Amino acid sequence: MTTETHEHRLKRLHMRSIRRGIKEMDIILSGFSDAALADLSAEELDLYEALLDENDHDLYGWVSGQLATPGQYLDLITKISSVHKAA
């Protein structure tokens, strides 16, 4: 079993953030990754990694407010939205 360093995990999550299925999510998540990924706690990184497994159209709906965000992601989606709006 290999253990991933924190730096490697951040790089891997950043790559997953910038290479999404739809361009809108590439833009939104790459901006969030650049601005805030390094500041997330280990628990928040776990949640972010789970979020990256979600469907891009659902993610876009949550970030844009077109769909209700599932409770477990609400704080994280709020952070992503605020970073995107500030950009």
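Reading the values: rules and limits
Residues numbered from 1 in each chain as written. Predicted model: local features only at pLDDT ≥ 70, side-chain atom pairs only at ≥ 80, totals over all residues. Heavy atoms only, no water. Helix = DSSP H or I, 4+ residues; strand = E, 2+ residues; numbered from the N terminus. Contact = heavy atoms within 4.5 Å. Salt bridge = Lys/Arg side-chain N within 4 Å of Asp/Glu carboxyl O. Buried < 20%, exposed > 50% of the residue type's maximum accessible area, 1.4 Å probe, protein only.

(A) Molecular detail of the side chain of Thr-69. Secondary-structure assignment places Thr-69 in the loop between helix H4 (56-64) and helix H5 (74-86). Sequence-distant contacts of Thr-69, defined by excluding residues within four places in its chain, comprise Trp-62, Leu-74 and Ile-77.

(B) The arrangement of the environment of Tyr-60 in detail. Within the element layout of this structure, Tyr-60 appears in helix H4. Here the alpha-carbon distance between Tyr-60 and Ile-22, two residues 38 residues apart in the chain, equals 9.1 Å. Those residues in contact with Tyr-60 that lie beyond four places of it in its chain are Ile-22, Glu-24, Met-25, Ile-28 and Gln-66.

(C) The pattern of salt bridges, seen in detail. The final tally for this structure, using the stated rule, is seven salt bridges. The salt bridge partner of Arg-12 is Glu-4, with a shortest N-O separation of 2.8 Å. Residue class for Arg-12 comes out partly exposed when judged on its relative accessible area of 26%. The salt bridge partner of Asp-46 is Arg-9, with a shortest N-O separation of 2.6 Å. On the criterion of sequence distance, the pair formed by Asp-46 in helix H3 (residues 42-52) and Arg-9 in helix H1 (residues 6-18) is long-range, its members being 37 residues apart. Since its relative accessible area comes to 46%, Asp-46 is described here as partly exposed. One connected set of salt bridges, linked through shared partners, spans Glu-4, Arg-9, Arg-12, Asp-46 and Glu-49.

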